[in-house]
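# Report on the structure
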Amino acid sequence: MKPLVASACAKIILLGEHAVVYRQPAIAIPLSTLRAYATRQPSDTPVIVLQEERITPSNATHPLITLLNLVCEFIQQPLPPIAIHVDSQIPIASGLGSGAAIATAIARLICAHYNVTLPQASLNNLIYETEKIFHSTPSGIDNTVIVYEKPILFVKGAPVEFVDKFQPFKLLIANTGITAPTYESVSDVRRLYERSPEEYSTIFAEIGSLVTQGLACMQRGDWQTLGALMTRNHALLQTLTVSCAELDALVEAALANGAWGAKLSGGGRGGNMIVLAPEAQIESMTQALYAAGAVHVMQVEVGEHDHHTA
Ligand code: PMV
């Protein structure tokens, strides 16, 4: 059996997480060099090998087995008698889309195994089905940015809109080292919203308006204003109770060290935060973030040739 590998990228949310669940727009960006890989290896029966775990079809309720079944049903093929080894560089439960990336890499490997080219829209739908099992009410932003691997302006239920005409820029991504399940923060926001729908709809609408303004800033290269929008977005996420002391400490350190703006990214309560800062500040900012408790800081170049360095 010839070696076969498939992969999928990580992602960050620049602006608009949580409010996106309530149909406000959000901007997401792929991280093309931080990836999850799925590798085909010989086996008599289908199995997914994830870290120490061997997941077989008898484990019918496992989200990755559901994915395996969905993909094979869709392409009208039997479950493949192969071992799918998953190897991911993406920290889990950290707002970087690890779950959707692993699912996408596996689905791509199954298609490659059968020599089937799946339209991206179909793959996106299949991954969204798996996301629903992980997160219960996902907006679909993670699977969409990861499957298409392009910056997107995402609105739940609307056709995907790519953000392709903007000035390239650099971001710093700092990890708190704390893992936090997105479904918990999403459920807590849902409870708040159900208690006071008007109050929280106003917050979601303000976040949506930051996103629209942020898109215009990206297009005209207005980083100072984009930064201010990010910082305001962080304050609104604090009101939604999805920040935490560690994320706030990193945001404060970034702002105290000359950042244009900073915010948490993703589900929150841990995971990663992002910083927009002038080029000259990037090195000292990286040190400041480590000093404020970050366990890892990455530089990402966002633009036509997205890449990042650790
Ligand atoms: O998977 P995460 O942690 O990047 O969060 C996804 C973004 C949320 O808006 C919090 C949830 C969603 O489904 O859009």
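Scroll up a little and you will see the structure.
Because the structure is predicted, anything quoted here is derived from the model rather than measured.

### Things to note about the packing of helix H1 (residues 63-74) against helix H2 (residues 98-113)
- Where H1 meets H2, the axes come as close as 10 Å, and the angle between the chain directions of the two elements is 35°. In terms of crossing hand, the pair formed by H1 and H2 is right-handed. Two secondary-structure elements touch here, H1 through Leu64, Leu67, Leu68, Val71 and Cys72 and H2 through Ile102, Ala103, Ile106, Ala107, Ile110 and Cys111.
- Within the contact of H1 with H2, the residues separate by chemical class into eleven nonpolar, no polar and no charged.

### Describing the packing of aromatic side chains
- For the structure shown, the criterion picks out six aromatic pairs.
- Aromatic pair Tyr148 and Phe162: ring centres 5.4 Å apart, planes at 65°, arrangement edge-to-face. Of this pair, Tyr148 sits in helix H4 (residues 141-148) while Phe162 sits in strand S7 (residues 161-162), and the two are 14 residues apart along the sequence.
- On the numbers, 5.9 Å between centres and 40° between planes, the contact of Tyr193 with Phe204 is tilted. Taken together, the positions of Tyr193 in helix H5 (residues 182-195) and Phe204 in helix H6 (residues 197-220) put the pair eleven residues apart, joining distant regions of the chain.
- Of the residues examined, Tyr193 reaches a relative accessible area of 23% and is grouped as partly exposed.
- Accessibility expressed as a relative area gives 2% for Phe204, which makes it buried.
- The rings of Tyr22, Tyr193 and Phe204 are connected pair by pair, giving a single aromatic cluster.
- Directly above the aromatic system of Phe162 lies the positively charged group of Lys150, at a separation of 4.8 Å from the ring centroid.

Cut-offs and rules
- Residues numbered from 1 in each chain as written.
- Predicted model: local features only at pLDDT ≥ 70, side-chain atom pairs only at ≥ 80, totals over all residues.
- Heavy atoms only, no water.
- Axes fitted to C-alpha atoms, helices over the stretch in contact; angles between N-to-C directions.
- Helix = DSSP H or I, 4+ residues; strand = E, 2+ residues; numbered from the N terminus.
- Left-handed = near helix turned anticlockwise from the far one by under 90°.
- Contact = heavy atoms within 4.5 Å.
- Nonpolar A, V, L, I, M, F, W, Y, C, P; charged D, E, K, R; others polar.
- Phe/Tyr/Trp six-rings, centres within 6.5 Å; stacked < 30°, edge-to-face > 60°.
- Buried < 20%, exposed > 50% of the residue type's maximum accessible area, 1.4 Å probe, protein only.
- Lys NZ or Arg CZ within 6 Å of the ring centre and 35° of its normal.

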